[in-house]
Amino acid sequence: MEASEGAEASRILIFGGTGYIGKYMVKASVKLGHKTFVYTRPVTPQSDPDKIKLHKELESIGATIIQGELVEHDKIVAVLRQVDVVISLLPFPQVPDQIHIIEAIKVAGNIKRFLPSEFGVEEDRLNFLPPFEACLDKKRKIRRAVEAVGIPYTFVSANCFGAYFLNYLLRPHEEHEDIIVYGSGEAKALFNYEEDIAEYTIKVANDPRTCNQVVIYQMPKNILSQIELISLWEKKTGRSFKRTHVTEGELVKLSETLPFPVNVRASILHSLFVKGDLLNYELGENDLEASSLYPNHNYTTIDQLLDIFIVDPLKPALAAF
Ligand SMILES: NC(=O)c1ccc[n+]([C@@H]2O[C@H](COP(=O)([O-])OP(=O)(O)OC[C@H]3O[C@@H](n4cnc5c(N)ncnc54)[C@H](OP(=O)(O)O)[C@@H]3O)[C@@H](O)[C@H]2O)c1
């Protein structure tokens, strides 16, 4: 175990800790020496056995499970009083519900840092097609609410979850001959492995340099286009894939005609892979970038992540456990 750089081991409360990125985050928090609490909706003997098993797995690594609903204000305030840092990893639909967490943090009055559920694009600097824009507006509203109440915060722009998007683009665990390419495939994207996102986030959440700042995860070795990604994958697998292009016009049309939420997916693909939005703004000298803040953390490069997929295509897809 090690304590996060530049900080004593704070106590961390995680909302959404049983979710996709949440599991990585709980594991990283425990690994970095933090007493870790997970606020999760109640389970009963009739609940999904996988959820019950997951609670046990989280407890077995040392996390404390606290069962409750987001509307249980007094319960949340009581839990907040036992911790220092709050990280929310609630999914997109629950982003507005974080107002309950903000209200409780205000009442508790002891929280040193709040990281709301962000972990994607830097939404204050970019504009997107309407379905994605509508989702990000909800995240922006939460940013403004956090700022308005004066809670110490960090907003994390983690860019693409690496394993999540490599699974989506390359389908390493499926038999197939073709790979879909969005647009020309030449726009650069940014894929960061979830284990690194989680470890950087625990460090960021405890770092005085990142208080009331946006931190961007722009690891230099993780920038590549879809075409480069597919070529690298072909080299590693010794296979050759047919490229099937979906044009920009087709994606725009899909974003306009598909029902919610698949229209959001079309507009995300347009932003990330056709427009190359993740790299469509310059980092200024006052911007905080994770791999520069923590040069001692050897992050997993895309090349190394593809090697993990070669050894066991399902491992990265199965997340932390
Ligand atoms: N950058 C990227 O590539 C990328 C990719 C995916 C997601 N994200 C972002 O990462 C964040 C977390 O997303 P995720 O996909 O990891 O989340 P997720 O796995 O879908 O959900 C996280 C947890 O939220 C809780 N939850 C689900 N529905 C709920 C409800 N109706 N009410 C209360 N709690 C509920 C569940 O925990 P319990 O059952 O334990 O309560 C669940 O395990 C979001 O901000 C998302 O936009 C980014």
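Numbering of residues begins from 1 in every chain and follows the order in which that chain's sequence is written. Confidence filtering applies because this is a predicted model: local features only for residues at pLDDT of at least 70, side-chain atom pairs given and counted only at 80 or more, and all residues used for totals across whole chains, interfaces and linings. Excluded from the side-chain calculation are hydrogens and water; included are all heavy atoms of the structure.

## Focus on the UniProt feature "domain: NmrA-like" (unreviewed entry) in the protein
Heads up, the condition is: UniProt positions are given in the numbering used here, feature names are shortened, and annotations may be inferred rather than shown by experiment. A run of H or I in DSSP becomes a helix once it reaches four residues, and a run of E becomes a strand once it reaches two; helices and strands are each numbered from the N terminus.
As recorded in UniProt, the sites labelled "domain: NmrA-like" (unreviewed entry) are residues 9–304. Annotated as residues 9–304, this span is 42% helix and 18% strand, and its ends, taken at the C-alpha atoms, are 30 Å apart.

## Some remarks on the nonpolar core
Which entries qualify depends on this criterion: Side-chain atoms within 4.5 Å are what join buried Ala, Val, Leu, Ile, Met, Phe, Trp, Tyr and Cys residues into a set we call a nonpolar core. Relative accessibility decides the category of a residue: with a 1.4 Å probe and only protein chains considered, values under 20% of the type maximum give buried, values over 50% give exposed, and everything between is partly exposed. Working rule for contacts: check all heavy atoms of both residues, and any pair within 4.5 Å makes them a contact.
Counting 76 residues, the largest nonpolar core has Ile87, Phe191, Tyr217 and Phe273 as its most contacted members. Looking at this core, the element that brings in the most residues is helix H10 (residues 262–274), giving seven residues. Once residues lying within four places of it in the same chain are set aside, the contact partners of Phe191 are Cys160, Gly162, Phe165, Leu166, Leu169, Asn222, Leu224, Leu229, Phe273 and Ile302. Counting residues in each nonpolar core, the second largest holds 27 residues, with Leu80, Ala145, Tyr153 and Phe155 among its members.

## Brief notes about the environment of Ile180
With respect to the element layout, Ile180 can be found in strand S8 (residues 178–182). Taking relative accessible area as the criterion, Ile180 reaches 33% and is therefore assigned partly exposed. Between the C-alpha atoms of Ile180 and Pro131, which are 49 residues apart in sequence, the distance is 22 Å. If we skip the residues at most four places from it in the chain, Ile180 touches Gln226, Thr244 and Val246.

## Some remarks on the layout of surface pockets
One water molecule sets the probe size; rolling that probe over the atoms shows where empty space is left. Basically, it comes down to this: As defined here, a cavity is a set of points on a 1 Å grid over the protein atoms alone where a 1.4 Å probe fits but cannot get out. A pocket is an open set with protein on both sides within 12 Å along at least five of seven lines, and residues line them when an atom is within 4 Å of a point. Grid points are joined across faces, edges and corners, and a volume is the space filled by probe spheres set on the points. Residues are grouped as follows: Ala, Val, Leu, Ile, Met, Phe, Trp, Tyr, Cys and Pro are nonpolar; Asp, Glu, Lys and Arg are charged; every other residue, Gly included, is polar.
A volume near 1,400 Å³ is recorded for the largest pocket. Leu90, Pro91, Phe92, Pro93 and Tyr164 are, among the 49 residues lining the largest pocket, the residues nearest its centre. Those elements giving two or more residues to the lining of the largest pocket turn out to be helix H1 (20–31), strand S2 (35–40), helix H5 (130–149), strand S7 (160–161), helix H6 (162–170) and H10. Among the residues forming the lining of the largest pocket, the class breakdown is 29 nonpolar, 11 polar and nine charged.

## Structural notes on the pairing of strand S6 (residues 154–157)
The line we're drawing: Between any two strands, pairing holds if DSSP finds at least two bridges.
Burial of S6 is two-sided: the residues Thr154 and Val156 facing one way and the residues Phe155 and Ser157 facing the other way are all buried. In this structure, S6 lies alongside strand S10 (residues 213–216), joined through four bridges in parallel fashion. Opposite Phe155, over in S10, you have Val214 as the bridge partner.

## Looking at the side chain of Glu133
With respect to the helices, strands and loops of the structure, Glu133 is situated in helix H5. Judged by relative accessible area, Glu133 falls into the buried class, the value being 18%. Not counting residues up to four positions away in its chain, the partners in contact with Glu133 are Leu126, Asn127, Phe128 and Arg140.

## A look at the site of the ligand
This is how it is decided: Residue proximity to a molecule or strand is established when one non-hydrogen atom of the residue lies within 4 Å of it. In protein, a polar contact means a hydrogen-donor-capable atom and an acceptor-capable atom, both N or O and within 3.5 Å, with residues adjacent in sequence counting only if both atoms are side-chain atoms; elsewhere, any N or O pair within 3.5 Å suffices. In this description, accessible areas are obtained by the Shrake-Rupley approach with a 1.4 Å probe, and a residue is regarded as covered only by the protein chains that are shown. Assignment of a molecule to a cavity or pocket requires that more than half of its atoms lie within 2 Å of the corresponding grid points.
Surrounding the ligand, one finds 24 residues, the nearest of these being Thr18, Thr40, Lys51, Ser117 and Asn159. Here Ile21 contributes a backbone N or O atom positioned 3.1 Å from an oxygen atom of the ligand. Measuring from an oxygen atom of the ligand, one finds a side-chain N or O atom of Lys51 at 2.4 Å. Relative to its unbound accessible surface of 920 Å², the ligand loses 80% to contact with the protein. A molecule is said to occupy a pocket when more than half its atoms come within 2 Å of that pocket's grid points, and by this definition the ligand occupies the largest pocket. For the shell around the ligand, the elements supplying multiple residues, two or more each, are H1, S7 and H6. When grouped by side-chain class, the residues that make up the shell around the ligand number 12 nonpolar, eight polar and four charged.

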